[in-house]
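Remarks on the overall topology
If you want the building blocks of each chain, they are given just below.
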Amino acid sequence: MAEKTGPPPSYPDLSAEQTQGGPSSTTSPPSYNDVTGVAGINLIVKAADFAARRHRTQKRKDHAQTPYINHPVGVAYILTSIGRVTDPVVLAAAYLHDTVEDTKTTIEEIEMEFGKEVRKIVEEVTDDKSLPKATRKALQVEKAPHKSPQAKLVKLADKLYNLRDLERSTPHGWDKKRVKEYFKWSRDVVAGCKGTNDALEAALDDIINRNL
Ligand SMILES: Nc1nc2c(ncn2[C@@H]2O[C@H](COP(=O)(O)OP(=O)(O)O)[C@@H](OP(=O)(O)OP(=O)(O)O)[C@H]2O)c(=O)[nH]1
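Residues numbered from 1 in each chain as written. Predicted model: local features only at pLDDT ≥ 70, side-chain atom pairs only at ≥ 80, totals over all residues. Heavy atoms only, no water.

1. Points about the overall build of the protein chain
From N to C terminus, the protein chain includes 10 helices and zero strands. Each helix and strand of the protein chain, ordered N terminal to C terminal, gives the series α-α-α-α-α-α-α-α-α-α. Here the protein chain holds 212 residues, and the buried ones make up 45% of them. Taking all contacts inside the protein chain whose residues are at least 6 apart in sequence as the whole, residues at least 24 apart take part in 71%. (Helix = DSSP H or I, 4+ residues; strand = E, 2+ residues; numbered from the N terminus. Buried < 20%, exposed > 50% of the residue type's maximum accessible area, 1.4 Å probe, protein only. Contact = heavy atoms within 4.5 Å.)

2. Details of the environment of H97
With respect to the helices, strands and loops of the structure, H97 is situated in the loop between α3 (88-96) and α4 (99-102). The class for H97 is buried, based on a relative accessible area of 1%. Separated by 61 residues in the primary sequence, H97 and D158 place their C-alpha atoms 8.8 Å from one another. If we ignore the near neighbours within four places in the chain, the residues touching H97 are H71, P72, V75, V125, T126, V154 and D158. Reaching out from H97, the side chain makes a polar contact with the side chain of D158 at a distance of 3.4 Å. (Polar contact = N/O pair within 3.5 Å; in protein donor to acceptor, adjacent residues only side chain to side chain.)

3. Brief notes about the packing of aromatic side chains
Using the criterion set out here, one finds three aromatic pairs in the structure. With 5.9 Å between their ring centres and 55° between their planes, W174 and Y182 make a pair best called tilted. For the pair shown, W174 and Y182 are each scored as buried. A connected cluster of aromatic rings, assembled from ring pairs, spans W174, Y182 and W185. Here K46 stacks its cationic end above the ring of F114, 5.2 Å away from the centre of that ring. The ring of W185 carries K137 above its face, with NZ or CZ at 3.9 Å from the centroid. (Phe/Tyr/Trp six-rings, centres within 6.5 Å; stacked < 30°, edge-to-face > 60°. Lys NZ or Arg CZ within 6 Å of the ring centre and 35° of its normal.)

4. Quick word on the site of the ligand
With respect to spatial proximity, 22 residues lie near the ligand, and among them K61, K133, Q140, R178 and Y182 are the closest. At 2.7 Å from a nitrogen atom of the ligand is found a main-chain nitrogen or oxygen belonging to K61. Within the complex, 92% of the 670 Å² of free accessible area of the ligand lies under protein. Listing elements by their share of the shell around the ligand, those giving two or more residues are α7 (133-143), α8 (149-168) and α9 (176-192). With five residues, the single largest contributor to the shell around the ligand is α8. (Near = heavy atom within 4 Å. Areas by Shrake-Rupley, 256 points an atom, 1.4 Å probe, with all protein chains shown as cover.)

5. Brief notes about α3
Extensive coverage of α3 is indicated by the burial of nine of its nine residues. Along α3, the residues that are buried comprise P88, V89, V90, L91, A92, A93, A94, Y95 and L96. On the buried face of α3, the contacting elements are α1 (37-54), α2 (70-81), α4, α5 (107-114), α6 (116-124) and α8.

6. What to know about the side chain of T105
Following the sequence through the fold, T105 ends up in the loop between α4 and α5. A distance of 3.0 Å separates polar atoms of two side chains, one belonging to T105 and the other to R54. Here T103 takes part through its side chain, which lies 2.8 Å from a polar atom of the side chain of T105. Excluding residues within four positions of it along the chain, T105 makes contact with F50, R54, T99, V100 and I110.

In structure tokens form, the structure reads like this:
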């Protein structure tokens, strides 16, 4: 028989932006090196919760105005379902991969909440939005081969999600030429991440060849 537990804790003073529950990490960052079992699941779900709060007002660029959080959730799911990735640190980083680039979240905050390993991956896949767009795009191609295998996994899944999204629906204001340019540029970024995960790379090759 299941043991009776008390009611769930309440967090009356937390704003929607704050993460609820779990040990608070206000002093030193947790270490999630080789995290497994319940701790691993908790890390992943905490990252999903954090990302949902931080992206909560944002929408994708499609005509349906899909909530932005669908993207990081989909990137994490691509990693598990196609890439067969089970490392909680990589999956947490997938949920968090756009929080620093696209919200007020700082990389220090990611480290305090999720540890150095997750921070490193998120940092590696974060573009500097203060740079001109052409520079940012060129840097992604240039830097891709030098990234860690974990960051390459997130990058590959991110690109696969965005390319699938482009096949599904053209973002508001994009013409055919821009879509094609995105496919070409993605092909160059993906080339620099090769040798990381056969299934993800095969899925990317398929969609890129279909569209170029
Ligand atoms: N395909 C598609 N992309 C959308 C949509 N809504 C938002 N995006 C985001 O737009 C970015 C690609 O648009 P761009 O014009 O090339 O780049 P920019 O927004 O960074 O300037 C991607 O950012 P990113 O994830 O940071 O990736 P990336 O720029 O590194 O590829 C993608 O996630 C959508 O409805 N469809």
